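# Coordinates in review
One-letter residues, chain by chain:
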Amino acid sequence: MRRLILVRHGETDWNAAHRLQGAADIPLNDTGRAQARATAPLLAQLAPVTRIVSSDLSRARDTARIIADTMGAEVVTDPRLRERCYGVWEGMEESVRRSEHGEEHTRWERGLEPRVEGYEGHAAVAERALAAVAEHAHADGTHMLVAHGSTIRVLMCALLGLELGSRSIGTLGNARWAELHHTGDDASGHWVLRELNAVGDTVLA
Amino acid sequence: MISLVLVRHARTGYNTEGRLQGSLDVPLGEDGLEQAQRVAKRVVGEYGAGVVVATSPLVRAAHTADAIAELVRIGAAERDDRFTQRPYGVWEGHTWAQVREQWPEEYRRRHEGLDPAIPGWGDSGEVADRVAAGLRDRAAEAARTGVKTVVIVSHGSAIMLGVARILGLPLTPSRLGNLPHGAWNDLRWHGGDDWRLERYRVGR
């Protein structure tokens, strides 16, 4: 049986301002670091691992390092776990997207691909994220990946057999995680969602 | 936006013994009543006192729900047949070990997550449709009456099937993991067909 723990990085200033980051390498802020430090012992108890694989963007990598320090694990980075590229939308606040790119923003909110220059579509994100899972989480046991909101959501849709653009599965909060299990071999088995955003604001900073 | 907080009832003596209940109306044990109180505090702590509370009519769910209703001072929770448990037919009252011994073939099917062909078993599709209809209805009613959160106490299978149906996930084998007693899911309705599972297996 494979256990997959997907962790979203802690908060950054752009998260707080509702600005899309995508490939932009925005660092964790103080809240983000505190969130990671609060999450670490919970994950150490839930899913102790000796290796954490993380997106190489610093907000994910530093979240992974904080968690890894608590468990005595090593961190390995993989660019295939990076956030979806949002092209010219990167850095844009939600209010600006709504007001100046209303039609495309509406399409995006409904799970359709917005026609935005440099935007990385669902299929591309799913393909690289699935490849990372296939490489790092193919063996029985527990695997922990640290990544980003959109990438994790699209990955979960792919693993659970939903349309890649589906909004049925919620986006992880900062420093929150999802847990999935896979039983059976690759041919006959399937992924099961065990836990999603289970830990609330009352527990994490 | 409406939140449906789907809570699995507290433990009964049958749960502790590993006996299948289904439509059997088994009451909460001593520890179940205490668990219901703890769950009530956590749910109200999380969602506030402005919640509406509905429940499966089976007492293990209804008494769990009443603990929540009491805390928010709305009397008893509203009984709603659509949230009752899947019937387990001739397996009700047996333990899984007994089931495996007496119905080895059907046990194997069930273990693979499929519906066993036994008398009285509630078909997954039918249960899913029933629960989903209840969820949609409760969400619409909440929207009409200005209620933000509806707490619904129900049963493991019923909740999993209803959520899967709403989200468009396959029913058998399930793509959603087991919900422990007293734990809940947060399913949000954004109008129309826009349903999002925001939180799964909270409060374990």
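In what follows, the structure referred to is the one given above.
Described below are features of the structure shown in this document. The structure presented is a predicted model; accordingly, all values stated were derived computationally and were not measured.

### Describing the overall build of chain A
When you go through chain A residue by residue, the secondary structure sums to 7 helices and 6 strands. Across its three principal axes, chain A shows a C-alpha extent of roughly 45 × 40 × 30 Å. Across chain A, contacts joining residues at least 24 apart in sequence account for 70% of those joining residues at least 6 apart.

### Quick word on the pairing of strand β5 (residues 184-189) of chain B
Residues and elements named next belong to chain B. Buried residues dominate β5, accounting for 5 of its 6 residues. Here strand β1 (residues 2-8) runs beside β5; their pairing, made up of 6 bridges, is antiparallel. In the strand pairing of β5, serine 3 is matched with arginine 188. With 5 bridges joining them, β5 and strand β6 (residues 195-202) adopt antiparallel strand pairing. Residue pairing in the sheet places aspartate 186 in a bridge with arginine 199 of β6. In textbook terms, the turn of a hairpin is the stretch between consecutive antiparallel strands, and for β5 and β6 this stretch comprises 5 residues, one of which, glycine 191, has a positive phi near 95°.

### Digging into the interface of chain B and chain A
Taken residue by residue, the interface counts 21 residues in chain B and 19 residues in chain A. When contributions to the side of chain B that touches chain A are tallied by element, the ones reaching two or more residues are α2 (30-47) and β6 of chain B. Considering only residue class, the side of chain B that touches chain A consists of 9 nonpolar, 4 polar and 8 charged.

Conventions adopted
Per-chain numbering applies: the sequence of each chain, read as written, is numbered from 1 onward. Chain labels run from A onward and ligand labels from 1 onward, assigned in the order the entries are written. Where local features are concerned, this predicted model is filtered to residues with pLDDT of at least 70; where side-chain atom pairs are given and counted, the filter is 80 or more; whole-chain, interface and lining totals use all residues. Comment: elements are numbered from the N terminus, with helices defined as DSSP H or I runs of at least four residues and strands as E runs of at least two. With C-beta atoms placed from the backbone, a contact is any residue pair whose C-beta atoms sit within 7 Å. Buried means a residue has 20 or more other C-beta atoms within 10 Å of its own C-beta, exposed means 12 or fewer, and partly exposed covers the counts in between; C-beta atoms are placed from the backbone. Only when DSSP finds a minimum of two bridges between them are two strands counted as paired. Under the scheme applied, nonpolar residues are Ala, Val, Leu, Ile, Met, Phe, Trp, Tyr, Cys and Pro; charged residues are Asp, Glu, Lys and Arg; polar residues are all the others, including Gly.

Function-wise, these values are silent; they only describe arrangement.
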